[in-house]
Amino acid sequence: MATATYIIRSPAVILSGKGTVSDQKTASPFQIPQFSMNRRRFTALFASLHDDNNTSDGSNKIRKAVGLEKLFEDSPYDVSKDSPLHPRPLTSTQLPNTISDGPRLRVAYQGVRGAYSEAAAEKAYPNCEPVPCDQFDAAFEAVEKWLVDRAVLPIENSLGGSIHRNYDLLLRHNLHIVGEVKLAVHHCLLANHGVRVEDLKRVLSHPQALAQCEYTLTKIGLSREAIDDTALAAKHVAFEKLKDTGAVASSMAAKIYGLNILAENIQDDCDNVTRFLMLAREPIIPGVEKPFKTSIVFSLEEGPGVLFKALAVFALRQINLTKIESRPLRNQPLRASDDNNNGSKYFDYLFYVDFEASMAEERAQNALRHLKEFATFLRVLGSYAVDTTML
Ligand SMILES: O=C(O)C(=O)C[C@]1(C(=O)O)C=C[C@@H](O)C=C1
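Residues numbered from 1 in each chain as written. Predicted model: local features only at pLDDT ≥ 70, side-chain atom pairs only at ≥ 80, totals over all residues. Heavy atoms only, no water.

An unreviewed UniProt entry lists the chain under the name Arogenate dehydratase, with Hibiscus sabdariffa given as the organism. The UniProt entry for the chain carries this comment under Catalytic activity (unreviewed entry): "L-arogenate + H(+) = L-phenylalanine + CO2 + H2O". (UniProt positions renumbered as here; feature names shortened; annotations may be inferred.)

The strands making up a sheet associate through hydrogen bonds between their backbones, and the pairing can be parallel or antiparallel. Read from one edge of the open sheet, four strands run 15-18-14-19, paired in antiparallel fashion. Each having just a single partner strand, strand 15 (321-328) and strand 19 (375-385) make up the two edges of the open sheet. Between one strand axis and the next, the sheet turns through 15° on average, direction left out of account. Summarising the sheet, strand 15 and strand 18 (residues 349-355) pair through seven bridges and their orientation is antiparallel. Each bridged residue has a counterpart across the sheet, and for arginine 327 the counterpart in strand 18 is leucine 350. Packing of helix 5 (residues 164-172) onto the sheet brings it into contact with strand 14 (292-300), strand 15, strand 18 and strand 19, and relative to strand 15 it is tilted by some 80°. Sheet strands touched by helix 11 (residues 362-372): strand 14, strand 18 and strand 19. Its angle to strand 19, the strand with the most contacts, is close to 160°. (Pairing = 2+ DSSP bridges. Helix = DSSP H or I, 4+ residues; strand = E, 2+ residues; numbered from the N terminus. Axes fitted to C-alpha atoms, helices over the stretch in contact; angles between N-to-C directions. Contact = heavy atoms within 4.5 Å.)

Turning our eyes to something else, we now look at the state of the cysteines. The tally for this structure, following the rule as stated, stands at zero disulfides. Looking at the unpaired cysteine 128, the closest cysteine sulfur is the one in cysteine 133, lying at 12 Å. On the accessibility criterion, cysteine 128 (3% relative accessible area) is buried. (Disulfide = S-S within 2.5 Å. Buried < 20%, exposed > 50% of the residue type's maximum accessible area, 1.4 Å probe, protein only.)

As a further point, take the packing of helix 4 (residues 136-144) against helix 5. In contact at an axis separation of 10 Å, helix 4 and helix 5 are set at 30° when each is read in the N-to-C sense. Regarding the angle of helix 4 to helix 5, the classification is roughly parallel. Where helix 4 crosses over helix 5, the two elements pack in a sense that is right-handed. From helix 4, Phe136, Asp137 and Phe140 reach across to helix 5, where they touch Arg165, Asn166, Leu169 and Leu170. (Parallel < 35°, antiparallel > 145°, perpendicular 65-115°, else oblique. Left-handed = near helix turned anticlockwise from the far one by under 90°.)

What follows deals with the packing of aromatic side chains. Summed over the entire model, instances satisfying the criterion amount to three aromatic pairs. Considering the side-chain rings of phenylalanine 298 and phenylalanine 351, the 5.7 Å spacing of their centres and the 35° angle between planes classify their relative orientation as tilted. Of this pair, phenylalanine 298 sits in strand 14 while phenylalanine 351 is found in strand 18, placing the two residues 53 residues apart along the sequence. An angle of 35° between the planes, with centres 4.9 Å apart, marks the rings of phenylalanine 314 and phenylalanine 355 as tilted. (Phe/Tyr/Trp six-rings, centres within 6.5 Å; stacked < 30°, edge-to-face > 60°.)

Counted by the stated rule, this structure contains four cavities of 30 Å³ or more. In this structure, the largest cavity spans a volume of roughly 210 Å³. Surrounding the largest cavity, 17 residues form its lining, Tyr116, Ser117, Pro154, His206 and Gln208 being those nearest its centre. When contributions to the lining of the largest cavity are tallied by element, the ones reaching two or more residues are helix 3 (116-124), helix 6 (207-212) and strand 13 (273-280). If one sorts the elements of the lining of the largest cavity by residue count, helix 6 sits on top with three residues. The class makeup of the residues in the lining of the largest cavity is eight nonpolar, eight polar and one charged. In terms of lining, the second largest cavity is formed by Ile155, Tyr167, Leu170, Ile177, Arg275, Leu277, Ser295, Ile296, Tyr352, Asp354, Leu381 and Tyr384. (1 Å grid on protein atoms, 1.4 Å probe; cavity = no way out; pocket = protein on both sides within 12 Å on 5 of 7 lines; lining within 4 Å. Points joined across faces, edges and corners; volume = space filled by probe spheres on them. Nonpolar A, V, L, I, M, F, W, Y, C, P; charged D, E, K, R; others polar.)

A few words now on the pairing of strand 8 (residues 188-191). Residues of strand 8 alternate between two faces, with Cys188 and Leu190 on one and Leu189 and Ala191 on the opposite face, all of them buried. As judged from the three bridges shared by strand 8 and strand 11 (residues 245-249), these two strands associate in the antiparallel manner. Across the sheet, cysteine 188 pairs through a bridge with alanine 249, a residue of strand 11. Both strand 8 and strand 12 (residues 260-263) contribute to a ladder of three bridges, which runs antiparallel. Considered in strand 12, the bridge of leucine 190 is made with isoleucine 261.

Here's what the structure looks like:
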């Protein structure tokens, strides 16, 4: 039977399911002396959640499908070995504000200067050094390869919905969610000086930004063209000195690239908020001193009421869910329905759930233990403080 070696390097990662994980190692997850919760119980809990004695082939297939087998292979150093280089896990109380003490934290974001993601990085980590990345993948990789300390990436918007790419990348990469930050997004219509709204034929921006301004752009009658980020759209319009093309971007982008603001607040709803995730190589130790949220991803066997059963583990413990998202389980061949086989085929899905509880709480631990009884795969993406700041 094929076996895989997993180095479980954090207490916040759970690999579970019906496959064989023959040789698990746990790498010194707790190094913080001021760790305040019942450390022994927490360690025992994670050890038990990692302890997978099931033997059917289900989860190995899933791990292969989502690339989990690669999780630790590319690690710049093996954290299972004691090393002075091993950074201490961040504590929840260090985040997000006190993190800027000491040397400036380098924070990757997707886009160029003036992108909303840069503003989100600065809100998440005041006084940080924002590091632009061309794509979301590059931001994930920059953290993994120790080029930067953190990444701040958008995950959902109140008008446009989920940013699916980042849901997929969360699973493909080996980073932990250590916080969230919400940013009010006020879009402007930008153009070169001397250009009027009537002169414009098209507008460039990030697809999310274009979707958020759908109504206004249709009213003006502009054709839309997608570009990697809002600030890059502004930069392109400015550098190419375009006369018939505008950009949807921030007032900061207008300032940086010397564009004129033709219209402000052009998003379809004045309450336009994007939620960003703060990602790090190490998880934080979850606390209970302030409102916490936990993000997980899991998959289930096919069958009637299975998702209902999965969600009931939270309802039974009065745990509120704040988000549920399903994504196709990539590289998983289409399965034929075995019961009442009528030749129908269906897809397999991963379910991403955010719930309002800390992994330091017994009810959250029990809920996940319960879920693990029938989930074919389960991973905790992070347990982190809720962003309760006023926008
Ligand atoms: O293009 C930018 O400026 C970004 O930061 C990206 C992004 C996104 O991906 O949703 C971020 C916030 C806004 O919702 C629009 C675009």
